[in-house]
Amino acid sequence: MLPFIIIACELLTLAASLSVPSAPIHQSRHLGSNILPNRVIAQFPPGTWVENIAVRSNGNLLFTTILPNASLYEASALDCQTPTITRLFTVDTITSFAGITETSKDVFAIIGGNFSLTTGVIKGTFGLWKADFTHGQPPSAELIASLPDAALPNGATTVPQNNHLVLLADSLLNVVWRVDVKKGTVDKAAQFSPESDTSGVSGIIGINGVHVHDGYLWFTNSTATINAVTGDPETSMYRIKVDEDGVAAHDASAEKALTLPSEGMDDFTFGPGGRNIKWIAGNVENKIFAATPDGKYAVVAGASNSFEVATATACKFGRTRRDSHVLYVTTAGGTINGTTEGGKVQAIDTTGFRV
Ligand SMILES: *[C@@H]1O[C@H](CO)[C@@H](O)[C@H](O)[C@H]1NC(C)=O
Ligand SMILES: *[C@@H]1O[C@H](CO)[C@@H](O)[C@H](O)[C@H]1NC(C)=O
Ligand SMILES: *[C@@H]1O[C@H](CO)[C@@H](O)[C@H](O)[C@H]1NC(C)=O
Ligand SMILES: *[C@@H]1O[C@H](CO)[C@@H](O)[C@H](O)[C@H]1NC(C)=O
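Remember, it's a predicted structure, so these values are computed and weren't measured experimentally.

1. Side note on the pattern of salt bridges
In this structure the tally under the stated criterion is 9 salt bridges. In this structure, Arg 178 engages Asp 187 in a salt bridge whose closest nitrogen and oxygen atoms are separated by 2.8 Å. Owing to a relative accessible area of 16%, Arg 178 belongs among the buried residues under this scheme. Classification of Asp 187 by relative accessible area gives partly exposed; the value is 33%. The residue Glu 285 makes a salt bridge to Lys 287 at a minimum N-O spacing of 3.9 Å. Per residue, the accessibility class of Glu 285 equals that of Lys 287, and both read buried.

2. A few points about the site of ligand 4
Close to ligand 4 lie Asn 305, Phe 307, Ile 336 and Asn 337, which account for all nearby residues. Between ligand 4 and Asn 305, the relevant distance is 2.8 Å, taken from a nitrogen atom to a main-chain nitrogen or oxygen of the residue. Within the side chain of Asn 337, a nitrogen or oxygen atom sits 2.3 Å from an oxygen atom of ligand 4. Contact with the protein chains hides 47% of the accessible area of ligand 4, taken as 360 Å² for the molecule alone. Looking at the shell around ligand 4 residue by residue, the classes come out as 2 nonpolar, 2 polar and no charged.

3. So, the sheet that holds strand 25 (residues 326-331)
Read from one edge of the open sheet, 4 strands run 1-28-25-24, paired in antiparallel fashion. A strand with exactly one partner marks an edge of an open sheet, and here the two such strands are strand 1 (38-43) and strand 24 (312-317). Pairs of neighbouring strands in the sheet enclose a mean axial angle of 25°, with direction left out of account.

4. Details of the site of ligand 1
Around ligand 1 sit Pro 68, Asn 69, Ser 71, Tyr 73, Arg 87 and Thr 90, and that is every residue in its neighbourhood. The separation between an oxygen atom of ligand 1 and a polar side-chain atom of Asn 69 is 2.4 Å. Isolated, ligand 1 exposes 360 Å² of accessible area, and the fraction of that covered by the protein chains is 48%. Mapped onto the shell around ligand 1, the elements with two or more residues apiece are strand 4 (70-76) and strand 5 (84-91). For the shell around ligand 1, the per-class residue count stands at 2 nonpolar, 3 polar and 1 charged.

5. Side note on the side chain of Thr 331
Its location among the elements puts Thr 331 in strand 25. A distance of 3.4 Å separates a polar side-chain atom of Thr 331 from the backbone nitrogen of Gly 333. For Thr 331, the residues in contact, after removing those within four places along its chain, are Trp 49, Val 50, Val 309, Ala 310, Thr 311, Ala 312, Thr 313, Gly 343 and Lys 344.

6. Re the nonpolar core
Within the largest apolar cluster, 19 residues are counted, with the highest numbers of intra-cluster contacts made by Ile 111, Leu 128, Leu 147, Val 166, Leu 168, Trp 177 and Val 179. Of all the elements in the fold, those that place two or more residues in this core are strand 7 (107-113), strand 13 (162-170) and strand 14 (175-180). At 3 residues, strand 14 tops the list of elements feeding residues into this core. If we skip the residues at most four places from it in the chain, Val 179 touches Leu 128, Ala 145, Leu 147, His 164, Leu 165, Val 166, Leu 168, Thr 185 and Val 186.

7. Some remarks on the packing of aromatic side chains
As enumerated under the stated definition, the model contains 13 aromatic pairs in all. Here Phe 63 and Tyr 73 contribute two aromatic rings whose centre-to-centre distance is 5.6 Å and whose plane-to-plane angle is 5°, an arrangement assigned as stacked. Linking Phe 63 in strand 3 (residues 61-67) with Tyr 73 in strand 4, this pair joins segments that are 10 residues apart in sequence. According to the relative accessible area criterion, Tyr 73 is buried, its value standing at 13%.

8. Concerning the sheet that holds strand 3
Spatial strand order, 2-3-4-5: 4 strands in an open sheet with antiparallel pairing. Of all the strands in the sheet, the pair left with one neighbour each is strand 2 (49-55) and strand 5. Strand-to-strand twist across the sheet, computed as the mean angle between neighbouring axes with direction ignored, equals 25°. Sheet topology places strand 2 next to strand 3; 6 bridges connect them, and they run antiparallel.

The rules behind these values
Residues numbered from 1 in each chain as written. Chains lettered and ligands numbered in written order. Predicted model: local features only at pLDDT ≥ 70, side-chain atom pairs only at ≥ 80, totals over all residues. Heavy atoms only, no water. Salt bridge = Lys/Arg side-chain N within 4 Å of Asp/Glu carboxyl O. Buried < 20%, exposed > 50% of the residue type's maximum accessible area, 1.4 Å probe, protein only. Near = heavy atom within 4 Å. Polar contact = N/O pair within 3.5 Å; in protein donor to acceptor, adjacent residues only side chain to side chain. Areas by Shrake-Rupley, 256 points an atom, 1.4 Å probe, with all protein chains shown as cover. Nonpolar A, V, L, I, M, F, W, Y, C, P; charged D, E, K, R; others polar. Pairing = 2+ DSSP bridges. Helix = DSSP H or I, 4+ residues; strand = E, 2+ residues; numbered from the N terminus. Axes fitted to C-alpha atoms, helices over the stretch in contact; angles between N-to-C directions. Contact = heavy atoms within 4.5 Å. Core = buried A, V, L, I, M, F, W, Y, C linked by side-chain atoms within 4.5 Å. Phe/Tyr/Trp six-rings, centres within 6.5 Å; stacked < 30°, edge-to-face > 60°.

Written out as structure tokens, the structure reads:
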């Protein structure tokens with residue numbers, strides 16, 4: 001007879017392990033701060049930039065890294081005080097992974113290519129890779145399609161009801177690329193202006209996160225402008241109507257849907273469940289914002305001088321009954337008061353969010 005194995009891990013006791021930060025919180029202009037309890041899922045050493053996140057139907061988290069290499073990680077046993085973190089694979093023909101999205105049950109598409117903070121992007125190196133979990137853990141990444149004309153495909157999503165169509169926000173060209181993962185074909189779903197010059201070391205980062213919601217393609221735009229009244233930087237989220245194949249009408253233009261006092265909105269998500277709240281990773285603001293459809297917003301995690309969600313890059317809600325209210329955030333870390341921390345994955349309990 002086999003011995004009976006009892007303990008898999010030390011379980012979380014929620015109230016005790018969720019910590020409320022003591023750092024002073026920056027006041028946002030509308031609802032003020034509504035800081036929610038949060039805890040660490042994974043902490044990486046300096047030099048690791050965690051960029052994007054997807055959630056498997058079994059509840060495990062998948063997340064990608066831009067630095068130090070193009071790796072896909074999985075977090076499991078999220079109920080444990082110390083969840084299990086596994087590096088599933090690294091693609092060594094490129095330097096970085098960015099957006100990740102689920103294209104059919106337990107099959108994910110990941111955009112990646114060569115990107116460096118010092119030398120910029122290398123056009124022609126980007127491709128969409130597949131991680132297929134339907135036969136167990138994916139042994140390696142498979143290339144689905146190359147994007148020779150893309151400059152910096154960044155945020156990724158799928159078209160509702162047509163999940164084999166992946167939309168990718170190109171942050172330098174301000175193009176939304178569309179990849180049909182069944183056929184391996186690439187075309188443009190939308191083209192905005194301006195088309196940044198990609199020959200230099202660093203172009204201006206424009207469109208960033210993209211998601212289809214209520215018949216619109218919503219996207220964040222990381223190009224900050226200065227508010228004429230307050231003198232502070234601000235960035236906006238836009239939306240544009242798209243058809244059921246994810247394509248914007250040729251003559252349609254995007255409308256501004258939300259402006260936040262931030263220097264660079266990154267990826268975002270809607271939820272929890274059917275709720276129509278936008279949860280936005282504030283990148284260099286070191287914050288997570290939540291915004292209601294009527295434009296009210298609050299800071300729900302982090303602060304400019306806090307590591308809690310330093311350089312927040314993306315966020316997604318859990319998919320199990322136990323964690324459908326938990327927002328999982330990826331970060332790139334950063335340097336605060338002379339101390340440097342690496343990227344991480346943080347869990348925010350949004351139960352207490354009130355507007
Ligand atoms: C990728 O980076 C991770 C984290 O630093 C490291 O553990 C791993 O060995 C690297 N993989 C390759 C193939 O370089
Ligand atoms: C892209 O990065 C990989 C990994 O560092 C490297 O082997 C490859 O030569 C690079 N490709 C180009 C075109 O620079
Ligand atoms: C992004 O914002 C900048 C600054 O406001 C603006 O010039 C640009 O047209 C915007 N891009 C898109 C695609 O909305
Ligand atoms: C950085 O310094 C400020 C001012 O002393 C302090 O309020 C803040 O908590 C510090 N942050 C970190 C992460 O050390």
